[in-house]
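Residue-level structural notes
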Amino acid sequence: MSALKDKLKADLTASLKNKDEVRLRTVRMALAAINVEEVAGKTARQLSDDEVVKVLTKEAKKRREAAEAFGNAGRKEQAEAELAEQAVLEEYLPAQLSDEELKTLVEAAVAETGAAGPQAMGQVMKAVNPKVAGRAEGGRVAAAVKARLAAG
């Protein structure tokens with residue numbers, strides 16, 4: 001079992017004992033999402049830490065999008081609840097890259113691939129994504145690559 005999944009299970013027990021409702025429901029949801037991913041496909045398997053991070057990133061993104069939708073609909077309480085869950089999930093994720101760090105990685109990928117022009121975006125994304133690995137959202141990475149390629 002992955003170390004991150006072990007930590008989630010330990011935190012589930014701790015939050016149950018501490019009566020921390022937000023953390024309890026968030027960790028339960030995260031473990032459920034991990035279990036679903038483990039049994040998806042033809043055979044059940046154990047997820048690696050990297051795969052668990054991908055699942056948690058996806059769940060955090062869902063919370064962020066739901067909070068935005070609730071906020072736009074004028075449902076402030078639900079939006080705050082979603083943001084609280086997102087904050088708990090982000091404690092388990094790697095630290096996010098700053099704009100400057102992301103820009104540096106994109107520059108390196110462009111130099112490495114020798115890409116020029118917007119048509120080379122896929123080539124640069126393929127080179128930069130493994131280096132970013134869960135530390136920046138895909139849309140943010142794509143925007144940085146697009147801006148760099150447009151600048152020439």
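The structure reproduced in this document is the subject of the present report.

Conventions and cut-offs
Residues numbered from 1 in each chain as written. Predicted model: local features only at pLDDT ≥ 70, side-chain atom pairs only at ≥ 80, totals over all residues. Heavy atoms only, no water. Helix = DSSP H or I, 4+ residues; strand = E, 2+ residues; numbered from the N terminus. Buried < 20%, exposed > 50% of the residue type's maximum accessible area, 1.4 Å probe, protein only. Axes fitted to C-alpha atoms, helices over the stretch in contact; angles between N-to-C directions. Left-handed = near helix turned anticlockwise from the far one by under 90°. Contact = heavy atoms within 4.5 Å. Nonpolar A, V, L, I, M, F, W, Y, C, P; charged D, E, K, R; others polar. Expected span 1.5 Å × (residues − 1). Core = buried A, V, L, I, M, F, W, Y, C linked by side-chain atoms within 4.5 Å. 1 Å grid on protein atoms, 1.4 Å probe; cavity = no way out; pocket = protein on both sides within 12 Å on 5 of 7 lines; lining within 4 Å. Points joined across faces, edges and corners; volume = space filled by probe spheres on them.

Turning our eyes to something else, we now look at the environment of Ser48. Relative to the helices and strands, Ser48 resides in the loop between α2 (21-39) and α3 (49-72). Relative accessible area serves as the criterion here: at 34%, Ser48 is assigned to the partly exposed category. Taking C-alpha positions, Ser48 is 35 Å from Gly71, a pair spaced 23 residues apart along the chain.

Negative phi characterises most residues that are not glycine, and trans characterises most peptide bonds. The backbone phi angle of Lys19 is positive, close to 55 degrees, even though this residue is not glycine. For Lys19, the position within the fold is in the loop between α1 (3-18) and α2.

With that out of the way, let us pick up the packing of α1 against α2. To describe two helices that pack against each other, one gives the angle between their axes and the distance between the axes. Interaxial distance between α1 and α2 falls to 9 Å at its minimum, and their mutual angle equals 150 degrees. For the crossing formed where α1 meets α2, the hand is left-handed. Touching Lys5, Leu8, Lys9, Leu12, Ser15 and Leu16 of α1 are Arg23, Leu24, Val27, Arg28, Leu31, Ile34, Asn35 and Glu38, all from α2. Counted by class, the contact of α1 with α2 contains 7 nonpolar, 2 polar and 5 charged residues.

In a regular helix each residue adds 1.5 Å, so 12 residues correspond to 16 Å; helix α6 (residues 121-132) covers 16 Å between its end C-alpha atoms and thus fits that length. Taken together, the buried positions of α6 are Val124, Met125, Ala127, Val128 and Val132. Following α6 by one or two positions, Ala133 adopts a phi angle in the positive range, close to 30 degrees.

Turning our eyes to something else, we now look at the nonpolar core. Residues Leu4, Leu8, Ile34, Val52, Leu56, Leu89 and Tyr92 are the most contacted members of the largest nonpolar core, which totals 18 residues. Put simply, the parts of the chain that give this core at least two residues each are α1, α2, α3 and α4 (76-90). The element best represented in this core is α2, accounting for 6 residues. Ignoring sequence-local partners within four residues, the contact set of Val52 consists of Ser2, Leu4, Ile34 and Leu47. If you look at the next biggest cluster of nonpolar residues, it comprises 17 residues, including Leu102, Met125, Ala127 and Leu149.

The subject of this paragraph is the layout of surface pockets. The computed volume of the largest pocket comes to approximately 300 Å³. Together, 13 residues line the largest pocket, and Lys54, Asn129, Val132, Ala133 and Gly134 are the ones closest to its centre. Breaking the lining of the largest pocket down by element, the ones donating at least two residues are α3, α6 and α7 (138-151). The element best represented in the lining of the largest pocket is α3, accounting for 5 residues. Broken down by class, the residue content of the lining of the largest pocket amounts to 5 nonpolar, 4 polar and 4 charged. Here the second largest pocket defines a volume of roughly 210 Å³. If you go around the second largest pocket, you meet 13 residues; those closest to its centre are Thr57, Arg64, Glu90, Gln96 and Glu137. For the lining of the second largest pocket, the leading source of residues is α3, giving 4 residues. By residue class, the composition of the lining of the second largest pocket is 4 nonpolar, 5 polar and 4 charged.

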